[in-house]
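Architecture and fold: a report
Chain by chain, the residues run as shown.
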Amino acid sequence: MKAPVTIVAVAVALLGGLAGCGGPDDRPRAGELSVTFIPLPASVPELQLTSATMRLSHIGVFGNAPPPPGPPPPNDLAFDALDGGVRRDFMLPPGIYSRVQLAYENVVINGTWRGTPFQVRLAMMRGFPVDLRATVGRELSVDNDVAFVVDVDVGSWFAGNLLDGAVASGGQIICDPLTNPAITMELGMRIGRSFVLVQ
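Notes on the structure in this doc start here. Residue positions are counted from 1 within each chain, in the order its sequence is given. Only residues with pLDDT of at least 70 are given local features in this predicted model, and only at 80 or more are side-chain atom pairs given and counted; all residues enter the totals for whole chains, interfaces and linings. In computing side-chain values, all of the structure's heavy atoms are included and hydrogens and water are not.

A word on the packing of aromatic side chains. In this scheme Phe, Tyr and Trp rings, the latter by its six-membered ring, pair at centre separations within 6.5 Å, and the angle between planes marks the pair as stacked below 30 degrees, edge-to-face above 60, and tilted otherwise. This structure, assessed with the given rule, holds four aromatic pairs. Their ring planes at 45° and their centres at 5.4 Å tell us that Tyr104 and Phe128 sit as a pair that is tilted. Residue Tyr104 is located in strand β5 (residues 95-113), and its partner Phe128 is located in strand β7 (residues 128-140); the two are separated by 24 residues in the primary sequence. The exposure class of Phe128 is partly exposed, given its relative accessible area of 32%. What counts as a helix is a DSSP run of H or I of at least four residues, what counts as a strand is a run of E of at least two, and both are numbered from the N terminus. Burial classes follow relative accessibility: with a 1.4 Å probe on protein chains only, a residue under 20% of its type's maximum area counts as buried, one over 50% as exposed, and anything between as partly exposed.

Structure representation (structure tokens):
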């Protein structure tokens with residue numbers, strides 16, 4: 001009659017041992033982290049922008065915590081430099097986060113420069129990479145959300161009368177890899193430098 005009691009006791013002990021080893025519920029719970037991209041006004045004399053859009057891709061936030069397992073989910077954002085900004089939310093393991101990475105691609109800008117219409121087109125296959133690092137990391141936990149803000153200085157794209165060096169054709173200025181390529185390349189680099197991680 002004692003055998004069933006012994007079997008039950010062993011089963012309870014085994015279950016207790018397995019619980020002590022830790023399971024999926026014992027893993028650190030994820031915290032909420034957001035990155036907001038905010039365009040700053042393009043206050044450049046004699047410059048009028050009618051549209052300025054691009055795609056932000058491969059957005060990631062990194063710190064001292066290991067990344068979640070598996071491939072990252074698609075996280076592209078459509079960014080309009082004449083709008084109020086866009087935000088990407090993440091659920092990440094607790095840790096200290098201080099680094100934001102992204103790429104920008106498919107840049108299309110339209111407007112007028114000194115009254116002359118212009119268009120800029122930067123269509124990159126993989127995009128231009130941007131790597132931003134905070135001087136002080138931010139602690140993320142299940143009870144402490146983190147919100148990063150990235151300012152985009154749109155005015156810096158055309159500062160110093162950059163488009164004065166462009167050659168107009170047919171009454172307009174075209175900047176793409178084939179037309180005014182040097183200015184197009186300079187614009188591409190300036191756009192990358194215009195992303196600033198706010199402390």
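Right, let's get into the sheet that holds strand β8 (residues 146-153). Strands belonging to one sheet form pairs held by backbone hydrogen bonds; the direction of such a pair is parallel or antiparallel. If you walk across this open sheet you meet the four strands as β4-β1-β8-β11, and the pairing is mixed. Taken across any chain shown, the strands that pair with only one partner, and hence form the sheet edges, are β4 (86-92) and β11 (195-198). Here the average twist between neighbouring strands, direction ignored, is 25°. In terms of strand pairing, strand β1 (residues 31-40) meets β8 through eight bridges, oriented parallel. Looking across to β8, one finds that Ile38 is bridged to Asp151. Whether two strands pair depends on DSSP finding at least two bridges between them. Between the N-to-C directions of two axes lies an angle of 0 to 180 degrees, each axis being a line fitted to C-alpha atoms and, for a helix, fitted only over the stretch in contact.

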